[in-house]
Amino acid sequence: MRGGLFYCTCLRPVFILAAVFLCPSVAKSAPLKLDQNFESENLRPYCEALIRTGVRKEEPAHSVNEIRGREGWRACRDISLSRGYAQDVVWIRATLQNDTGKNTTYYLESTPTWISKVTVYQFGSDGRLEFKRDYGADLPFYDRDFAVPPVYAALTLEGGRKNVIYVRLQSEGSLPVNLVLHSRKSFEKDRTFWSTFNGIILGGVLLLVLYNLGIFWSLRDWDYLVYVIFTLWAAIFLGSVYGYSFQFFWPESPDMHLRITWVAVSLGSATIYLFVRQFLNLKTYMPRTALVFLGLFYVAVLTGILSWPLAHNPLLQKVSNGMGVAATALVLSVSIYGVLRRLPGARVFLAALFFLLLSLMSIGLMNRGLFEFSEGVHRASGVALMMNLSLLSFALAAKIRAIHREKERAESRARKILEASRDDLERRVARRTAELEQARQTAEYLASIDVLTGIKNRRALIDLGRVLLERSSEANTPLSAILMDLDHFKEINDSHGHGVGDTVLEAVGELLTELVEGHDVVGRLGGEEFLIIRANGTEIVAARFAEQVRRQIEMLNIPLERGGLMVTASFGVSEWIEGQSLEELIECADRALYCAKDRGRNRVVQFSEIRE
């Protein structure tokens, strides 16, 4: 008795729940009753479905009669009608009861627009086939009953009787199933509303393209051009998803509809990688991420190229679809970094990518079959993409405004500093002008030019170097010395004569005169040794310059009676330290020069590398 009570109160409800959730539903769905007040209804609560998994080839013409007698039909509300990219055929069966008392025409709508083949069958109350028609994206667009992107099949139902319809759906891409029955009034209203809605979305996208193309033409900012390219791909993608590209551009080429969709997804992903890389200046702030984005850009471009010949390949479709979702997630995370770094326009850019994520994730996840197709979500993805493109345009404008504001602030600070130090600068300019004039007169008096090379001699070089050092000390600016010695010069004189040696010195002097510019000073210390004093230059900058000089000397070709003579030089570089004299600065460069010779000559060595 106790065991029976325990079963009734505890175990029996568990068994009932298990039966409900674990056993497939085979109960027939109730017929959809149509009266005078009927407007529209989704068939999902009233239909049954038969899923034929892995079916690739077309079924024979008599298959509908075979399907009618098959077992395994399940209520649509109990199973998923979004089949993703599986190679399935979905059969839908629904009973429609016309209670108006007269023959009435209703309109069966099938969305989304990219379903490859939709075949509609209608059976009368006596079981005879009364209507059969093929629709879908595999057929020329104007073969449809109505020249609009969604499929509308006009069904005339007998008054006061039950009519059974069968719908067969198969797709070369993803296969979400959504069937809605409309009255004539609802059909006209639905067709007008969605045509207007889609026209507004696509028209807005095209207006953004033209507007930002004009800005690019005016500013020559390449961010705008990349944005325009991305927007064009977005417009092509939306046009393909909503079916308008098929209607207006290639109505007689159904295969083009599938190909251009996947090309647009892949190349749109490639463009957003490039756009984020440029907009957030990842090469400067995240160089490794910039390289990753560049690699993903090339992968997406390759996928886009392959999408044209392989548009029917399920694997490529999944890769292309996943790439669109992954691209959005990656650029969203990078944009968060941009907000944290307070990069110009990053906040608006992040908001824009959030809407892009909503758009692509909703379309991508529905295509994957992870949740049921929803007309509202399907259309909302277009609104989200439109918001994304609008906010991206605002982000570009915000970036330019931020750059201009920063420029104005810098100019304002510069003006204030200039005004505050104008008198002091005038005194310094006058003093420096007098010093330079005095140095020039002294140099002329001492015959400052080295006759052989045409550059400063040792005495003039030292005097001018001291003037530059004093100026650097007052202005607190860097000063560097480059000491250069021609390699194996004694051997050149011994082997080829002093005439050739003089030619070498003349060529080097002429080269140094060409390379040294501005307030920098170059001269010959004596023999084959030369000195360059660089004002406003750190040791690193001076070393780069010395490397440039070294390469130029290495390229010299001194003509001989037979062939030519190659010349090389070794360099020592040092930077002036507060309190250091010019002689001490040159001594440091000399120590670096000897290190360069010890290391094998024909090289540049910085004093900071050998300093103990």
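About the criteria used
Residue positions within a chain follow its written sequence, with the count starting from 1. Given that this is a predicted model, residues contribute local features only at a pLDDT of at least 70 and side-chain atom pairs are listed and counted only at 80 or more, while totals for whole chains, interfaces and linings are drawn from all residues. Side-chain figures throughout are based on the complete set of non-hydrogen atoms in the structure, without hydrogens or water. Strands here are runs of E lasting at least two residues and helices are runs of H or I lasting at least four, both read from the DSSP assignment and numbered beginning at the N terminus. By nonpolar core we mean a set of buried residues, namely Ala, Val, Leu, Ile, Met, Phe, Trp, Tyr and Cys, connected to one another through side-chain atoms within 4.5 Å. The classification of residues rests on relative accessible area computed with a 1.4 Å probe and restricted to protein chains. Under 20% of the type maximum is buried, over 50% is exposed, and intermediate values are partly exposed. Note on contacts: a residue pair qualifies if any of its non-hydrogen atoms lie within 4.5 Å across the two residues. A helix's residues, less one, multiplied by 1.5 Å, set its expected span. Between any two strands, at least two bridges found by DSSP are needed for them to pair. Only the stretch in contact is used when a helix axis is fitted, and all axes are lines through C-alpha atoms; the angle between N-to-C directions ranges over 0 to 180 degrees. Geometric relationships in this document are graded by angle, where less than 35 degrees denotes roughly parallel, more than 145 denotes roughly antiparallel, 65 to 115 denotes roughly perpendicular, and other angles denote oblique. Under the scheme applied here, ten amino acids are nonpolar (Ala, Val, Leu, Ile, Met, Phe, Trp, Tyr, Cys and Pro), four are charged (Asp, Glu, Lys and Arg), and all others, including Gly, are polar. Take a side-chain nitrogen of Lys or Arg and a carboxyl oxygen of Asp or Glu: if they are within 4 Å of each other, that pair is a salt bridge. Two rings from Phe, Tyr or Trp (for Trp, the six-membered ring) form a pair when their centres are within 6.5 Å of each other. A pair whose planes differ by under 30 degrees is stacked, one over 60 is edge-to-face, and the rest are tilted. Over a ring means this: the NZ of a Lys or the CZ of an Arg is within 6 Å of the ring centre and within 35 degrees of the ring normal. For every residue, the predictor reports its confidence as pLDDT, a number between 0 and 100. Polar contacts here mean pairs of N or O atoms no more than 3.5 Å apart (in protein, one a potential hydrogen donor and the other a potential acceptor; neighbouring residues in sequence count only if both atoms are side-chain atoms). Two distance rules govern patches: like charges are joined within 9 Å, and nonpolar side chains (Val, Leu, Ile, Met, Phe, Trp, Tyr) within 5 Å, applied only to residues with over 30% relative accessible area and no salt bridge. For the accessible areas, the method is Shrake-Rupley and the probe is 1.4 Å, while residue cover comes only from the protein chains on display. Within this scheme the basic residues Lys and Arg register as positive and the acidic residues Asp and Glu register as negative, but His and the chain ends are omitted. Note that the charge is assigned to NZ on lysines, CZ on arginines, CG on aspartates and CD on glutamates. In this context, the arc is that of the directions from the helix axis out to the C-beta atoms.

That bond from Thr-111 to Pro-112 is cis: its omega, 5°, falls within 30 degrees of zero. As for its position among the elements, Pro-112 is in the loop between strand 6 (104-111) and strand 7 (117-123). Here the phi dihedral of His-488 falls at roughly 55°; this positive angle occurs in a residue that is not glycine. Its location among the elements puts His-488 in the loop between strand 12 (479-486) and helix 14 (489-496).

It is worth spelling out the nonpolar core at this point. If you look at soluble globular proteins, the nonpolar side chains tend to sit buried side by side. Formed by 51 residues in total, the largest nonpolar core has its most connected members in Leu-43, Ile-92, Leu-108 and Leu-181. Not counting the four nearest positions on each side in its chain, Ile-92 is found in contact with Cys-47, Glu-48, Ala-49, Trp-73, Cys-76, Leu-81, Ile-165, Tyr-166, Val-167, Leu-169, Val-177 and Leu-179. Core analysis: the second largest hydrophobic core is formed by 32 residues, Leu-486, Leu-505, Val-573 and Val-604 among them.

With 21 residues, helix 4 (residues 222-242) should reach 30 Å at 1.5 Å per residue; the first-to-last C-alpha distance of 30 Å fits that figure. Gly-243 sits one or two residues past helix 4 and shows a positive phi near 90°.

To continue, consider the sheet that holds strand 2 (residues 40-42). What the 4 strands build is an open sheet, ordered 2-11-6-9; its pairing is antiparallel. Edge positions in the sheet fall to strand 2 and strand 9 (151-157), since each of these pairs with one other strand and no more. Within this sheet the neighbouring strands show an average axis-to-axis angle of 25°, counted without direction. Where strand 6 and strand 11 (residues 178-182) come together, 5 bridges link them in antiparallel fashion. Across the sheet, residue Tyr-107 finds its bridge partner in strand 11, namely His-182.

Moving on, we come to the packing of helix 13 (residues 458-475) against helix 17 (residues 582-598). Interaxial distance between helix 13 and helix 17 falls to 10 Å at its minimum, and their mutual angle equals 105°. Our classification of the angle between helix 13 and helix 17 gives roughly perpendicular. Contact residues: Ile-462, Gly-465, Arg-466 and Leu-469 in helix 13; Leu-582, Glu-583 and Ile-586 in helix 17. A class-by-class count of the residues in the contact of helix 13 with helix 17 yields 4 nonpolar, 1 polar and 2 charged.

Right, let's talk about the pattern of salt bridges for a bit. Scanning all chains against the criterion turns up 15 salt bridges. Between Asp-520 and Arg-534 there is a salt bridge whose closest N-O contact spans 3.2 Å. Remark: Arg-534 occurs in strand 14 (residues 529-535) and Asp-520 occurs in the loop between helix 15 (498-515) and strand 13 (521-526); sequence separation between them is 14 residues. Arg-534 matches Asp-520 in its accessibility class, with the two residues each being buried. As a salt-bridge pair, Glu-609 and Arg-599 come within 3.6 Å of each other at their nearest N and O atoms. Here the residue Glu-609 occupies a position in helix 18 (residues 607-610), and Arg-599 occupies one in the loop between helix 17 and strand 18 (604-606), the gap between them amounting to 10 residues. Take Glu-609: its relative accessible area is 45%, and that puts it in the partly exposed class.

Turning our attention to the packing of aromatic side chains. What the rule picks out here adds up to 11 aromatic pairs. Relative to Tyr-142, the ring of Phe-141 has its centre 5.1 Å away and its plane inclined at 85°; by these criteria the two rings are edge-to-face. By way of ring pairs, the aromatic residues Tyr-107, Phe-146, Tyr-152 and Phe-187 are connected into one cluster. Against the face of Trp-308 rests Arg-259, its NZ or CZ located 5.9 Å from the ring centre. We note Arg-534 situated over the ring of Phe-545; from NZ or CZ to the ring centre the distance is 4.4 Å.

Moving on, we come to the sheet that holds strand 18. Reading across the sheet, the 5 strands line up as 13-14-12-17-18 and stay open at both edges, with mixed pairing between neighbours. On the outer flanks of this sheet lie strand 13 and strand 18, each paired with one strand and no other. The average angle at which neighbouring strand axes cross in this sheet is 20°, direction not considered. Two elements, strand 12 and strand 14, share 7 bridges in a ladder whose sense is antiparallel. Within the sheet, the bridge partner assigned to Asp-485 lies in strand 14 and is Glu-529.

Another aspect to go through is the confidence of the model for the chain. Residues of the chain with pLDDT of at least 70 account for 81%, and the chain-wide mean is 79. Taken element by element, the predicted model of the chain shows its lowest mean pLDDT in helix 1 (residues 2-22) (37) and its highest in strand 17 (residues 569-575) (94). Of the regions scoring below 50 in pLDDT, residues 1-27 engages in 14 contacts with residues more than four places distant in sequence or in other chains.

Next up on the list: the side chain of Thr-111. Within the secondary structure, Thr-111 is located in strand 6. Of note is the side chain of Thr-111, whose polar atom sits 2.8 Å from the side chain of Asn-178.

What follows is about the packing of helix 14 against helix 15. Following both chains from N to C, one finds helix 14 and helix 15 inclined at 140°, their axes separated by 6 Å at the closest point. By the angle between their directions, the pair helix 14 and helix 15 is classed as oblique. Across from Phe-489, Ile-492, Asn-493 and His-496 in helix 14, the residues of helix 15 making contact are His-498, Val-500, Gly-501, Val-504 and Leu-505. Counted by class, the contact of helix 14 with helix 15 contains 5 nonpolar, 4 polar and no charged residues.

Burial within strand 6 is extensive, with 7 of its 8 residues counted as buried. In terms of strand pairing, strand 6 meets strand 9 through 7 bridges, oriented antiparallel. Residue pairing for strand 9: Tyr-107 is matched across the bridge by Ala-154.

Further remarks concern a negative patch on the surface. Taken together, the side chains of Asp-502, Glu-506, Glu-510 and Glu-514 define an acidic patch exposed on the protein surface. By the secondary structure assignment, Glu-514 is in helix 15.

Among the residues of helix 14, Phe-489, Ile-492 and Asn-493 are the ones counted as buried. In an axial view of helix 14, the angular spread of the buried residues amounts to 95°, which keeps them on one side of the axis. Facing away from the buried surface of helix 14 by more than 90 degrees, the exposed residues are Lys-490, Asp-494 and Ser-495. Of the surrounding elements, those touching the buried residues of helix 14 are strand 12, helix 15 and strand 16 (564-566). Backbone geometry just after helix 14 places Gly-497 at a positive phi near 100°.

Quick look at the side chain of Thr-289 now. One can find Thr-289 in helix 8 (residues 287-307). Its relative accessible area of 19% is what places Thr-289 among the buried residues. Beyond its immediate stretch of four places on either side in the chain, Thr-289 contacts Leu-282 and Val-334.

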